[in-house]
Amino acid sequence: MDEIEKAQHHRDAFQTERLILFTDAVFAIAITLLVIEIKVPELEHPTEQEALMGLAHLIPRFIGFLISFVIIAIYWTAHHRIFRFVRRLDNQLIWLNMWFLFTIIIMPFTTAYQSEYPMLRTPWIWYSLNVMGTGLMQTWLQLYLRNPAKHVVAAPEYEHPDLDIARPLTSPLVFLVSIGLAFVLPPWMLRMVPGMLFPLLAFSLRSRFLRLKAAYQEKAGVNALT
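Residues numbered from 1 in each chain as written. Predicted model: local features only at pLDDT ≥ 70, side-chain atom pairs only at ≥ 80, totals over all residues. Heavy atoms only, no water.

Enquirer: Give me unusual backbone geometry: which residues, what numbers.
Expert: Cis peptide bonds are those with omega within 30 degrees of zero, and the linkage from Ala-155 to Pro-156 qualifies with 0°. Along the chain, the position of Pro-156 falls in the loop between helix H6 (121–146) and helix H7 (170–181). In this structure, His-151 takes a positive phi of about 60° despite not being glycine. Among the secondary structure elements, His-151 is positioned in the loop between H6 and H7. (Helix = DSSP H or I, 4+ residues; strand = E, 2+ residues; numbered from the N terminus.)

This is the structure we're talking about:
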């Protein structure tokens with residue numbers, strides 16, 4: 001590698017690191033805003049019974065916080081997993097990442113909305129649309145990284161099973177089902193849907209991932225020998 005290629009490599013690595021650091025900061029802010037929405041209960045008569053009642057009224061907010069915390073953590077982990085393959089950035093990838101972050105940063109609002117009104121279906125539908133948007137944006141990101149014509153991921157890594165789009169499509173599917181169930185089930189039961197469906201889908205995707213991983217390792221081994 002000559003000096004010009006080394007300089008270009010360092011520039012690409014620096015720009016990629018900047019994007020990742022910015023993304024990490026947005027995720028950290030979003031998670032922090034989740035807990036800020038949980039206000040300490042105001043006690044008119046500070047007694048033990050009233051303190052317990054105040055906490056009981058916050059249960060929907062804590063449930064909403066827990067669901068969104070796990071979802072945001074999963075998406076941060078996914079972003080970390082897929083961006084380790086990125087070797088260079090282009091404008092389209094940067095803007096795809098920005099729109100992905102847009103869906104993350106509005107999650108504290110939709111979380112607070114559905115937590116404030118747990119007995120209504122409309123807030124949950126808006127929250128579900130938010131999570132679906134995040135899943136679809138991650139899918140779009142991975143499709144872009146998998147495209148060999150974009151040259152943002154080196155061959156053969158764009159075929160790595162971690163870039164398979166089946167995994168990011170699970171969230172849109174689960175929350176689309178929850179929107180359909182919102183017109184059948186009581187609204188408070190909708191928060192149980194992700195907890196029931198995600199383990200089932202994760203189990204089925206595990207076998208798919210292992211098959212893709214075995215095929216990728218075999219192909220990468222062949223390419224290394226040729």
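Enquirer: Explain the confidence of the model for the protein to me, and be specific about the residues and the numbers.
Expert: Taken as a whole, the protein shows an average pLDDT of 86; of its residues, 93% reach a score of 70 or greater. The element-level mean pLDDT for the protein is lowest in helix H8 (residues 192–225), coming to 76, with helix H4 (residues 91–105) highest at 96. (pLDDT = per-residue confidence, 0-100.)

Enquirer: So what's going on with the pattern of salt bridges? Which residues, and what values?
Expert: Within the structure shown, the criterion is met by five salt bridges. Ionic pairing is found between Glu-116 and Arg-61, a salt bridge with its closest N-O pair at 1.9 Å. Remark: Arg-61 occurs in helix H3 (residues 59–83) and Glu-116 occurs in helix H5 (residues 107–116); sequence separation between them is 55 residues. With relative accessibility at 18%, the residue Arg-61 sits in the buried group. In this structure, the salt-bridge partner of Arg-87 is Glu-157, at a minimum N-O distance of 3.0 Å. With Arg-87 in the loop between H3 and H4 and Glu-157 in the loop between H6 and H7, the pair connects residues that are 70 residues apart, well separated along the chain. Here the salt bridges share partners, and the residues they tie into one network are Arg-81, Arg-84 and Asp-162. (Salt bridge = Lys/Arg side-chain N within 4 Å of Asp/Glu carboxyl O. Buried < 20%, exposed > 50% of the residue type's maximum accessible area, 1.4 Å probe, protein only.)

Enquirer: Pulling in residues and values, what's your account of the nonpolar core?
Expert: Judged by nonpolar contacts, the single largest core of 38 residues is most densely connected at Ile-71, Leu-93, Phe-100, Tyr-127, Leu-145 and Phe-175. Within the residue set of this core, elements represented by two or more residues are helix H1 (3–36), H3, H4, H6 and H7. Of all the elements, H6 adds the most residues to this core, at nine residues. Excluding its chain neighbours within four sequence positions, the residues that come into contact with Ile-71 are Met-107, Tyr-127, Val-131 and Phe-175. (Core = buried A, V, L, I, M, F, W, Y, C linked by side-chain atoms within 4.5 Å. Contact = heavy atoms within 4.5 Å.)

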